[in-house]
Amino acid sequence: MGLFDAIFTRTLSAAIKVANQKSAQNTIDEMTEHQIDRNIQKEIMLAQADKRNFGPNPYEQRVIEQILCDYPDFDISYAKSCIQTVAEMMADAYKKHPKDFSPFAKLCNEKTVLKIERFINLQNIFWFNRNVVNVEFTRYNPHEAMPTVMLKFRLLFEPSETYKPLVFFVCYSCHDNATTCPHCGGVVEDKSVHTCPYCDCAITGSATEKAWKITDVRRA
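Residues numbered from 1 in each chain as written. Predicted model: local features only at pLDDT ≥ 70, side-chain atom pairs only at ≥ 80, totals over all residues. Heavy atoms only, no water.

A. Broad picture of the overall build of the chain. Helix and strand counts for the chain stand at four helices and six strands. The order of helices and strands in the chain, counted from the N terminus, is α-α-α-α-β-β-β-β-β-β. Every one of the 220 residues in the chain was classed for burial, and the buried ones make up 37%. Taking contacts inside the chain between residues at least 6 apart in sequence as the whole, the part at least 24 apart equals 66%. Carbon and sulfur atoms make up 54% of the accessible area of the chain, which amounts to about 13200 Å² in all. (Helix = DSSP H or I, 4+ residues; strand = E, 2+ residues; numbered from the N terminus. Buried < 20%, exposed > 50% of the residue type's maximum accessible area, 1.4 Å probe, protein only. Contact = heavy atoms within 4.5 Å. Areas by Shrake-Rupley, 256 points an atom, 1.4 Å probe, with all protein chains shown as cover.)

B. Up close: the environment of Lys-99. Mapped onto the elements of the fold, Lys-99 is located in the loop between helix 3 (76-96) and helix 4 (110-121). Since its relative accessible area comes to 85%, Lys-99 is described here as exposed. Along the sequence, Lys-99 and Glu-117 sit 18 residues apart, while their C-alpha atoms lie 9.1 Å from each other.

C. Here's a closer look at unusual backbone geometry. Cis geometry is adopted by the peptide bond preceding Pro-159, which originates at Glu-158 and carries an omega value of 5 degrees. One non-glycine residue, Asn-134, lies in positive phi territory at about 45 degrees. Here Asn-134 lies in strand 1 (residues 129-141). Unlike most non-glycine residues, Asp-200 shows phi in positive territory, near 65 degrees. Classification of Asp-200 by relative accessible area gives exposed; the value is 62%.

D. Quick peek at the state of the cysteines. Counted under the stated rule, the structure contains zero disulfides. Cysteine Cys-82 is unpaired, with the sulfur of Cys-108 as its nearest cysteine sulfur at 9.4 Å. (Disulfide = S-S within 2.5 Å.)

E. Layout of the sheet that holds strand 2 (residues 148-158). Taken in spatial order, the four strands line up as 1-2-3-6 in an open sheet, and their pairing is antiparallel. Edge positions in the sheet fall to strand 1 and strand 6 (210-219), since each of these pairs with one other strand and no more. Neighbour to neighbour, the strand axes of the sheet diverge by 25 degrees on average, direction disregarded. Bridge analysis of strand 2 against strand 3 (residues 166-176) gives eight bridges, and the strand direction is antiparallel. Pairing of Leu-151 across the sheet is with Val-170, part of strand 3. Each of strand 1 and strand 2 is contacted by helix 2 (residues 60-70), which is oriented at about 55 degrees to strand 1, the strand it contacts most. Against the sheet, helix 4 touches strand 3 and strand 6, its axis set at about 30 degrees to strand 6. (Pairing = 2+ DSSP bridges. Axes fitted to C-alpha atoms, helices over the stretch in contact; angles between N-to-C directions.)

F. Highlighting helix 2. All buried positions along helix 2 are accounted for by Glu-60, Val-63, Ile-64 and Ile-67. Down the axis, helix 2 shows its buried residues gathered within 100 degrees of arc, on one side only. (Arc of directions from axis to C-beta.)

G. Main features of the side chain of Thr-215. Structurally, Thr-215 is set in strand 6. Given a relative accessible area of 10%, Thr-215 falls into the buried group. Apart from residues no more than four positions distant in its own chain, Thr-215 is found in contact with Asn-109, Lys-111, Thr-112, Met-146, Cys-171, Ser-173 and His-175.

H. Layout of the pattern of salt bridges. Evaluation of the coordinates by the stated rule reveals six salt bridges. For Arg-130, the salt bridge is made with Asp-92, and the minimal N-O distance between the two is 3.1 Å. Here Asp-92 lies in helix 3 and Arg-130 lies in strand 1, a separation of 38 residues in the sequence. Asp-216 is the salt-bridge partner of Lys-111, the closest N and O atoms lying 3.9 Å from each other. Residue Lys-111 is found in helix 4, and its partner Asp-216 is found in strand 6; the two are separated by 105 residues along the sequence. Given the relative accessible area of 0%, Asp-216 is considered buried. If you follow the salt bridges from partner to partner, you end up with Lys-111, Lys-115, Asp-216 and Arg-218 in one network. (Salt bridge = Lys/Arg side-chain N within 4 Å of Asp/Glu carboxyl O.)

And the structure:
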């Protein structure tokens, strides 16, 4: 075998090895994504198994106590207000069908923004009035890598005889080393950023070291 053939063979072997490593990594990533999806579906099924209706929820306080046991500084009212805000934005989007969904990125990760866009584009709702009903905590999964709280809400549209209520489950996950902008409440996952990408204000020392962001939204 000549020198050229030897170099070609080594180069080809190296390329095949890299391709195999990428293929293996892609397979691992797909398996991880599939497992995450299954876990979320399991959490939704468990929440539905409680047979809870919208209204007074005797289970919610227990979930809140579990969260506060691990995260004493967790702001229950703020979490609900974040979900309420996104729910109202979704209700408006169902009627207006905006081309730009980037405002959702303030409180949702990229995957969730794309999912919300798909939901909106699949259904036209021309309501006279709308309401977000009972944002409530349903589950808490204290996973070490990314603890997640599950909430649900229902969108009501008028006229009610035309539009059925839309029920959604929301995954609200904790991100270590992320910050929450003290000015607009937007979650900034890149700690090297010193200016909020949503309001252009400086991120000061008052920003949190742990931030919570919506990582999934699903129709019930």
